[in-house]
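Residues per chain are reported as follows:
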Amino acid sequence: QVQLVESGGGLVQAGGSLRLSCAASGRTFRGYVMGWFRQAPGKEREFVAAILWIGLTYYTDSVKGRFTISRDNAKDTVYLQMNSLKPEDTAVYYCAADVSVSTMRNVRSEYWGQGTQVTVSS
């Protein structure tokens, strides 16, 4: 059974930092793209960042320069370091895995985690 389990969410003040982790299990994720999405209350889910097996990264414009995605292929774990957080970053953050970054950028994915809440207070 494939599982993606996120951790690291919480409450932080504007300007602060959080690091999200996502541990994948249940199959090999060699060659898979790992990514992060978010969904704020009353809004549609949106793509945040993705990283290829070889380390190439993609970001949505609103987080460039503030968020960094990374992965540990040996542990099938992906991370999202979030700095200079803003109230508008408040959302449930979801980890995902798919073979295609194009699929992810269209806010679709083969596998999804359950999500972790990130709340940024002003």
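Notes on the structure in this doc start here. (Residues numbered from 1 in each chain as written. Predicted model: local features only at pLDDT ≥ 70, side-chain atom pairs only at ≥ 80, totals over all residues. Heavy atoms only, no water.)

1. Brief notes about the packing of aromatic side chains
Alright, step 1. Going through the model one piece at a time under the given rule, you end up with five aromatic pairs.
Alright, step 2. Geometrically, the ring pair formed by tyrosine 32 and tyrosine 111 is tilted, given 6.2 Å between the ring centres and 35° between the ring planes. Pair noted here: tyrosine 32 is in the loop between strand E3 (18-25) and strand E4 (33-39) and tyrosine 111 is in strand E10 (residues 111-112), with a separation of 79 residues, a long-range link. The pair formed by tyrosine 32 and tyrosine 111 is uniform in burial state, with each residue classed as buried.
Alright, step 3. Ring centres 5.8 Å apart and planes at 80° place the aromatic pair phenylalanine 37 and phenylalanine 47 in the edge-to-face group. (Phe/Tyr/Trp six-rings, centres within 6.5 Å; stacked < 30°, edge-to-face > 60°. Helix = DSSP H or I, 4+ residues; strand = E, 2+ residues; numbered from the N terminus. Buried < 20%, exposed > 50% of the residue type's maximum accessible area, 1.4 Å probe, protein only.)

2. Observations regarding the environment of serine 122
Alright, step 1. Its place among the elements puts serine 122 in the segment after strand E11 (116-121).
Alright, step 2. For serine 122, a relative accessible area of 89% puts it in the exposed group.
Alright, step 3. Serine 122 sits 83 residues away from glutamine 39 along the chain, and the two C-alpha atoms are 19 Å apart.

3. With respect to unusual backbone geometry
Alright, step 1. Backbone geometry places serine 84, a non-glycine residue, at a positive phi of 50°.
Alright, step 2. The residue serine 84 is located in the loop between strand E8 (77-82) and strand E9 (91-98) in this model.
Alright, step 3. When its relative accessible area of 39% is taken as the criterion, serine 84 is described as partly exposed.
Alright, step 4. A positive phi angle is found at valine 107, which is not glycine, with a value near 60°.
Alright, step 5. Position of valine 107 among the secondary structure elements: in the loop between helix H1 (101-105) and E10.
Alright, step 6. Note on valine 107: relative accessible area 31%, which makes it partly exposed.

4. Re the nonpolar core
Alright, step 1. The biggest cluster of nonpolar side chains holds 29 residues, and the ones touching the most others in it are Leu4, Met34, Trp36, Leu80, Met82 and Tyr93.
Alright, step 2. Counting only elements with at least two residues in this core, the list comes to E3, E4, strand E5 (46-51), strand E7 (67-72), E8, E9 and E11.
Alright, step 3. Beyond its immediate chain neighbours, meaning those up to four positions away, leucine 80 contacts Leu18, Arg19, Leu20, Trp36, Val48, Ala49, Phe67, Thr68, Ile69 and Tyr93.
Alright, step 4. By size, the runner-up hydrophobic cluster in this structure holds eight residues, among which are Val33, Leu52, Ala96 and Val101. (Core = buried A, V, L, I, M, F, W, Y, C linked by side-chain atoms within 4.5 Å. Contact = heavy atoms within 4.5 Å.)

5. As for the state of the cysteines
Alright, step 1. Per the stated rule, a full pass over the model turns up one disulfide.
Alright, step 2. The partner cysteine of cysteine 22 in its disulfide is cysteine 95, sulfur to sulfur 2.0 Å. Taking the torsion about the S-S bond as the criterion, the cysteine 22 to cysteine 95 disulfide, at about -80°, is left-handed. Taken together, the residues span a long stretch of sequence, with cysteine 22 in strand E3 and cysteine 95 in strand E9 at a distance of 73 residues. Both residues of the pair, cysteine 22 and cysteine 95, belong to the buried class. (Disulfide = S-S within 2.5 Å.)

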